[in-house]
Amino acid sequence: MSQLTEIAANPYADELAAAKKAVSLAARLCQRVQQGILQSDIQSKADRTPVTVADYGSQVLISLVLKKELLSHSFSMVAEEDSEDLRKDDAQQILEHITSLVNETIANDDSYNMSLSKEDVLAALDGGKSEGGPSGRHWILDPIDGTKGFIRGDQYAVALGLLDEGKVVLGVLGCPNLPSKSTNKHNGSSSGDQVGSLYFATIGCGAKVQALEGSEPQKITICSRDLTSSIAEKLGVQAPPVRMDSQAKYAALAQGDGAIYLRFSGKGYKERVWDHAAGSIIVTEAGGMVKDASGNDLDFSKGRYLDRDRGIIATNRYLMPMVLKAVQEAIDEEQ
Ligand SMILES: Nc1ncnc2c1ncn2[C@@H]1O[C@H](COP(=O)(O)O)[C@@H](OP(=O)(O)O)[C@H]1O
Ligand SMILES: [Mg+2]
Ligand SMILES: [Mg+2]
Ligand SMILES: [Mg+2]
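All residue numbers refer to position in the chain's written sequence, counted from 1. Chain letters and ligand numbers both follow the written order, the letters beginning at A and the numbers at 1. Since the coordinates come from a predicted model, pLDDT governs what is reported: local features require at least 70, and pairs of side-chain atoms require 80 or more to be given and counted, while whole-chain, interface and lining totals use all residues. Computation of side-chain values covers all heavy atoms of the structure but excludes hydrogens and water.

Caption draft 1: Structural view of the coordination of the magnesium ion (ligand 3). The protein atoms that coordinate the magnesium ion (ligand 3) are Asp142 (OD), Asp145 (OD) and Asp275 (OD), at distances of 1.9 to 2.1 Å. With water excluded from the atoms, a metal site may look incomplete; its donors are any N, O or S atoms within 2.8 Å, or within 3.2 Å for Na, K and Ca. For the pair the magnesium ion (ligand 3) and the magnesium ion (ligand 2), the metal-to-metal distance amounts to 5.2 Å. Residue aspartate 145 is located in strand β4 (residues 137–145), and its partner aspartate 275 is located in the loop between β10 (260–263) and α10 (277–285); the two are separated by 130 residues in the primary sequence. Of the two residues, aspartate 145 and aspartate 275, both sit in the buried class. Where helices and strands are cited, they refer to DSSP runs of H or I of at least four residues and of E of at least two residues respectively, numbered from the N terminus. We call a residue buried when its accessible area falls under 20% of the maximum for its residue type, exposed when it is over 50%, and partly exposed in between, using a 1.4 Å probe and counting protein chains only.

Caption draft 2: Inspection of the packing of aromatic side chains at higher detail. What counts as a ring pair is set by centres within 6.5 Å for rings of Phe, Tyr and Trp (its six-membered ring), and what kind of pair is set by the plane angle: stacked under 30 degrees, edge-to-face over 60, tilted for all other angles. Summed over the entire model, instances satisfying the criterion amount to two aromatic pairs. Between phenylalanine 150 and tyrosine 156, the ring centres sit 4.8 Å apart and the planes meet at 85 degrees, which makes this aromatic pair edge-to-face. Take phenylalanine 150 and tyrosine 156: they sit in the same class, and that class is buried. A ring pair is formed by tyrosine 250 and tyrosine 261, whose centres lie 4.9 Å apart and whose planes are at 80 degrees; its orientation type is edge-to-face.

Caption draft 3: Region of the structure containing helix α3 (residues 53–69). For α3, which comprises 17 residues, the first-to-last C-alpha distance of 24 Å matches the rise-based estimate of 24 Å (1.5 Å per residue) to within 8%. The buried count for α3 comes to 14 of 17 residues, which makes it a mostly enclosed element. By the N-cap criterion, in which a side-chain oxygen at the helix start approaches the backbone nitrogen of a residue two or three places on, α3 is capped by threonine 52, the distance to alanine 54 being 3.0 Å. Helix span, expected: 1.5 Å multiplied by one less than the number of residues in the helix. Two N or O atoms count as a polar contact when they lie within 3.5 Å, although within protein this holds only if one can serve as hydrogen donor and the other as acceptor, and sequence-adjacent residues are included solely when both atoms are side-chain atoms.

Caption draft 4: Region of interest: a nonpolar patch on the surface. Nonpolar side chains (Val, Leu, Ile, Met, Phe, Trp, Tyr) are joined into patches within 5 Å and like charges within 9 Å, using only residues with over 30% relative accessible area and no salt bridge. For the accessible areas, the method is Shrake-Rupley and the probe is 1.4 Å, while residue cover comes only from the protein chains on display. By convention in these notes, a salt bridge is any Lys or Arg side-chain nitrogen within 4 Å of a carboxyl oxygen on Asp or Glu. A contiguous nonpolar patch, built from Ile260, Leu262 and Phe264 and spanning about 260 Å² of accessible area, is present on the exposed surface. Along the chain, the position of leucine 262 falls in strand β10. Residue classification places leucine 262 among the partly exposed positions, given a relative accessible area of 48%.

Caption draft 5: How the structure looks around the side chain of aspartate 145. This count recognises Lys and Arg as positive and Asp and Glu as negative, with His and chain-terminal groups excluded. Arginine 263 provides the closest opposite charge to the buried, unpaired aspartate 145, separated from it by 6.3 Å. The contact rule is simple, with two residues in contact once any of their heavy atoms fall within 4.5 Å. Aspartate 145 has contacts with Tyr156, Ala157, Ser246, Gln247 and Asp275, leaving out every residue within four places of it along the chain.

Caption draft 6: The arrangement of the UniProt feature "binding site: Mg(2+)" (unreviewed entry) in the protein chain in detail. UniProt positions are given in the numbering used here, feature names are shortened, and annotations may be inferred rather than shown by experiment. Per the UniProt record, "binding site: Mg(2+)" (unreviewed entry) is found at Glu80, Asp142, Ile144, Asp145 and Asp275. Taking the farthest pair of C-alpha atoms as the criterion, the annotated set spanning 196 residues converges on one region, since that pair is 9.7 Å apart. Within this annotated set, the second largest pocket is lined by Glu80, Asp142, Ile144, Asp145 and Asp275. With sequence-adjacent residues up to four places away left out, glutamate 80 is seen in contact with Lys45, Gln59, Leu141, Asp142, Pro143, Ile144, Trp274 and Arg304. Along the chain, isoleucine 144 falls in strand β4. Under the relative-accessibility criterion, isoleucine 144 is labelled buried at 1%. Put simply, the grid is 1 Å and covers the protein atoms alone, a cavity is a trapped set of points that fit a 1.4 Å probe, a pocket is an open set with protein on both sides within 12 Å along at least five of seven lines, and lining residues have an atom within 4 Å of a point.

Caption draft 7: Just the sheet that holds strand β7 (residues 195–202), in detail. Whether two strands pair comes down to DSSP finding at least two bridges between them. The seven strands are arranged β3-β4-β5-β6-β7-β8-β9 in an open sheet whose pairing can be described as mixed. Here the strands that pair on one side only, and so sit at the sheet edges, are β3 (77–79) and β9 (218–220). Going from strand to strand, the sheet's axes swing by 20 degrees on average, the running direction of each strand aside. As defined by bridge partners, strand β5 (residues 157–164) adjoins strand β6 (residues 167–179) across seven bridges and the pair is classed as antiparallel. Only the contacting stretch of a helix is used when fitting its axis, a line to C-alpha atoms as for every element, and angles between N-to-C directions run 0 to 180 degrees.

Caption draft 8: Quick peek at the site of ligand 1. Proximity is defined per residue: any heavy atom of the residue falling within 4 Å of a molecule or strand makes that residue near it. In the neighbourhood of ligand 1, 13 residues make up the surrounding shell, with Gly146, Ser246, Lys249, Arg263 and Asp275 lying closest. The contact in question runs from an oxygen atom of ligand 1 to an N or O atom on the side chain of glutamate 80, over 3.0 Å. One of the side-chain nitrogen or oxygen atoms of tyrosine 269 is found 3.0 Å away from a nitrogen atom of ligand 1. Against a free-state accessible area of 570 Å², the protein chains account for coverage of 70% of ligand 1. Placement in a cavity or pocket follows one criterion, namely that more than half of the molecule's atoms lie within 2 Å of its grid points. Applying the majority rule of atoms within 2 Å of the grid points places ligand 1 in the second largest pocket. Top element by residues in the shell around ligand 1 is β4. It accounts for three residues. Under the scheme applied here, ten amino acids are nonpolar (Ala, Val, Leu, Ile, Met, Phe, Trp, Tyr, Cys and Pro), four are charged (Asp, Glu, Lys and Arg), and all others, including Gly, are polar. Broken down by class, the residue content of the shell around ligand 1 amounts to two nonpolar, four polar and seven charged.

This is the structure we're talking about:
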């Protein structure tokens, strides 16, 4: 396909390029912080979940890059973090630290010649206060998904999605600690050598992966195990479930590293849109399906929360009916 036809076939090509650039830059900041994270880089939010200087820095960089790259479009973003805690008197030092992290990351990249003040940082964070909803375009951002994993030195993801008229049309997942089969193959290195992958998908155009540091994008597909091979597996050796923080789980599933992702949070917990937007489109564009426990598609058009039934299931189209049936039986038994 010529480049021209490819651009014509993807109406979100500009947005995708901007989103990939934004996530890559933010991932660089996160990698640097994770390598030398200190207790003073970590704060506790009002809901008692952790947030770090990298969560804030990532959100600032992404909002900045999207605005710079997509000048002509109106800007609305639904993002996890805000500036409230950083405006308190005792947060001045951490705000200064975030500001210098952001400025150093920009300076090391050469793309933009600018320097942010503390006020700019606070304002950029508050650019993520949109309520989203069913009309217009809204970016959906989780600047670090899996902050707990990030702090531990494990998996995390920088997750950016685009909602258009209530539907997720684009997703980018930066997974600095996730090895990618495709980029390994491409670089001829043995498994595990090439970590740091950038996954992306736009609606109707499939899902791809490339190395975070840049490489030729490779198409990814979900594993195609059907019922027969799955039953065979049950009779033989059963691989233990893999526990992994963040939407890196969606990315791993999309590249065929597992067959089923089940997520059942405690009763009363309402899932946030930014925890699923990017991951779910990458799985569906890799040929998979993402449903709630009742078998409905996830509805991202209701604001900052996924206003849906308990539980999320992601798998391939052969296994989905069987998994849904098992999930529904388990829920019935519990009640
Ligand atoms: N009680 C709870 N039940 C389910 N999810 C929760 C939760 N408390 C927080 N979360 C969400 O789970 C996300 C991490 O998912 P995972 O467990 O797959 O790593 C967190 O994202 P952040 O790390 O971006 O805050 C947070 O939004
Ligand atoms: Mg969080
Ligand atoms: Mg999250
Ligand atoms: Mg987060």
